[in-house]
Amino acid sequence: MADRQSKWNVSELPDLSGRTAVVTGANSGIGLVAAGALAGAGAHVVLAVRDEGRGRAAAAAVRGSTEVRRLDLADLASVKEFAAGWEGPLDLLVNNAGVMMVPKGRTKDGFEVQFGTNHLGHFALTNLLLPHVTDRVVTVASGAHRWPGAAIHFDDLNLERGYTPQRAYAQSKLANLLFTLELQRRLSEAGSPVRALAVHPGYAATNLQSHAANPVTRALMQLGNRLFAQDDRAGALPTLYAAVADLPGASYVGPDGFGELRGAPTLVGRSAAASDPVAARRLWTVSEELTGVAFPAAVAGA
């Protein structure tokens, strides 16, 4: 079984006819590849994107059933509008969109932009859509949650007293894993069959790295993309595996190669900080307070 899992590839996607998926940030990179693979397997895929024009151009290149809807994760009003417009069942929600090591900034609601976009936007979106979700929520995290000093700075979530792009990114990705942990606990407690899973793509060459704040960092990452990274198709495999494989809730999927940088998808470990149930509950409570969105009273199948 372990060998089979380690060799899993996109050809093993089952027939997804009749299923509906939402993929955030699906106009490029891993999100677009995942959306294309899901649509190619028969699912109806909603590309949830900030720029509808780019989203339509991306969807035009996808074979299968797609539609484009606007979603700006850095604006809670946009998140709420997207969720309010949803009708009917949603089999799969892929929380893929994100920003990486960008210059210091704030979301429309005043949150540090990486924490606000990567975590709080997806936190609000997931909870608002959860009454519709019938199968699973897959959230894209990162090996950055293991970086030295990675932590949830509860006393300074906006990092006003020590912002660096790397520190903010690591916090947001650690938050993704703690969110998944606590979401699964709540789903299980509610008696819902819906599963929450997290993934990371390893070192995948996408345009995400091109927005790093430091030009030296950008140059080094571009060099790393050429020398060491796998392409976005390989980087999307953990997402696709988590979307269809029979895995326990709160599982974490990444590449099976050296340092989890590249390879076929398999179950991987996470740091002690990302496995802390007390921190996960605390982060959830704070996230509810910041977004004004709570775990729904009714979830699918409960």
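These remarks concern the structure in this document. From a predicted model like this one, the values you see are computed outputs, not experimental measurements.

### Digging into the packing of helix α6 (residues 165-190) against helix α10 (residues 277-291)
Right, on to step 1. Orientation of α6 relative to α10, taken along the N-to-C sense of each, is 95°, at an axis distance of 8 Å. As judged from the angle between their axes, α6 and α10 are roughly perpendicular. Facing Ala-175, Leu-178, Phe-179, Leu-181, Glu-182, Leu-183, Arg-185 and Arg-186 of α6, the residues of α10 in contact are Pro-277, Ala-279, Ala-280, Arg-281, Leu-283, Trp-284 and Glu-288.
Right, on to step 2. When its residues are assigned to classes, the contact of α6 with α10 shows 10 nonpolar, no polar and 5 charged.

### So, unusual backbone geometry
Right, on to step 1. For Met-101, which is not glycine, the phi torsion reads 50° and is therefore positive.
Right, on to step 2. Take Met-101: it is sitting in the loop between β4 (90-95) and α5 (113-129).
Right, on to step 3. Judged by relative accessible area, Met-101 falls into the buried class, the value being 6%.
Right, on to step 4. One non-glycine residue, Ala-250, lies in positive phi territory at about 75°.
Right, on to step 5. Along the polypeptide, Ala-250 turns up in the loop between α9 (237-244) and β7 (252-255).
Right, on to step 6. Take Ala-250: its relative accessible area is 13%, and that puts it in the buried class.

### What to know about the packing of aromatic side chains
Right, on to step 1. All chains considered together, the criterion is met by 7 aromatic pairs.
Right, on to step 2. Geometrically, the ring pair formed by Trp-147 and Tyr-169 is tilted, given 6.0 Å between the ring centres and 50° between the ring planes. In this pair, Trp-147 sits in the loop between β5 (133-140) and α6 while Tyr-169 sits in helix α6, placing the two residues 22 residues apart along the sequence.
Right, on to step 3. Residues Phe-179 and Trp-284 carry aromatic rings whose centres are separated by 5.7 Å and whose planes lie at 10° to one another, so their mutual orientation is stacked. Here the residue Phe-179 occupies a position in helix α6, and Trp-284 occupies one in helix α10, the gap between them amounting to 105 residues.
Right, on to step 4. Members of the aromatic cluster, connected to one another through ring pairs, are Phe-123, Phe-179, Trp-284 and Phe-295.
Right, on to step 5. The residue whose ring lies beneath Arg-282 is Phe-154, and the NZ or CZ to ring-centre distance is 4.0 Å.

### Description of the sheet that holds β4
Right, on to step 1. Taking strand neighbours across the sheet as the criterion, the 8 strands line up as β3-β2-β1-β4-β5-β6-β7-β8 in an open arrangement whose pairing is mixed. Only two strands of the sheet have a single neighbouring strand rather than two, namely β3 (66-70) and β8 (265-267). With direction set aside, neighbouring strand axes in the sheet form an average angle of 25°.
Right, on to step 2. Here 2 bridges tie strand β6 (residues 195-199) to β7, and the two strands are oriented parallel to one another. Paired with Val-199 across the two strands is Val-253, which belongs to β7.
Right, on to step 3. Where α6 meets the sheet, it contacts β4, β5, β6 and β7, and its direction lies at approximately 160° from that of β6.
Right, on to step 4. This element, α9, spans β4, β5, β6, β7 and β8 of the sheet and lies at about 155° to β5.

### A word on the layout of surface pockets
Right, on to step 1. When its volume is computed, the second largest pocket comes out at roughly 230 Å³.
Right, on to step 2. Elements that contribute at least two residues to the lining of the second largest pocket include exactly α2 (29-40), α8 (232-235) and α9.
Right, on to step 3. Looking at the lining of the second largest pocket, the element that brings in the most residues is α2, giving 4 residues.
Right, on to step 4. Tallied by class, the residues present in the lining of the second largest pocket amount to 9 nonpolar, 1 polar and 3 charged.

What counts as what
- Residues numbered from 1 in each chain as written.
- Predicted model: local features only at pLDDT ≥ 70, side-chain atom pairs only at ≥ 80, totals over all residues.
- Heavy atoms only, no water.
- Axes fitted to C-alpha atoms, helices over the stretch in contact; angles between N-to-C directions.
- Helix = DSSP H or I, 4+ residues; strand = E, 2+ residues; numbered from the N terminus.
- Parallel < 35°, antiparallel > 145°, perpendicular 65-115°, else oblique.
- Contact = heavy atoms within 4.5 Å.
- Nonpolar A, V, L, I, M, F, W, Y, C, P; charged D, E, K, R; others polar.
- Buried < 20%, exposed > 50% of the residue type's maximum accessible area, 1.4 Å probe, protein only.
- Phe/Tyr/Trp six-rings, centres within 6.5 Å; stacked < 30°, edge-to-face > 60°.
- Lys NZ or Arg CZ within 6 Å of the ring centre and 35° of its normal.
- Pairing = 2+ DSSP bridges.
- 1 Å grid on protein atoms, 1.4 Å probe; cavity = no way out; pocket = protein on both sides within 12 Å on 5 of 7 lines; lining within 4 Å.
- Points joined across faces, edges and corners; volume = space filled by probe spheres on them.

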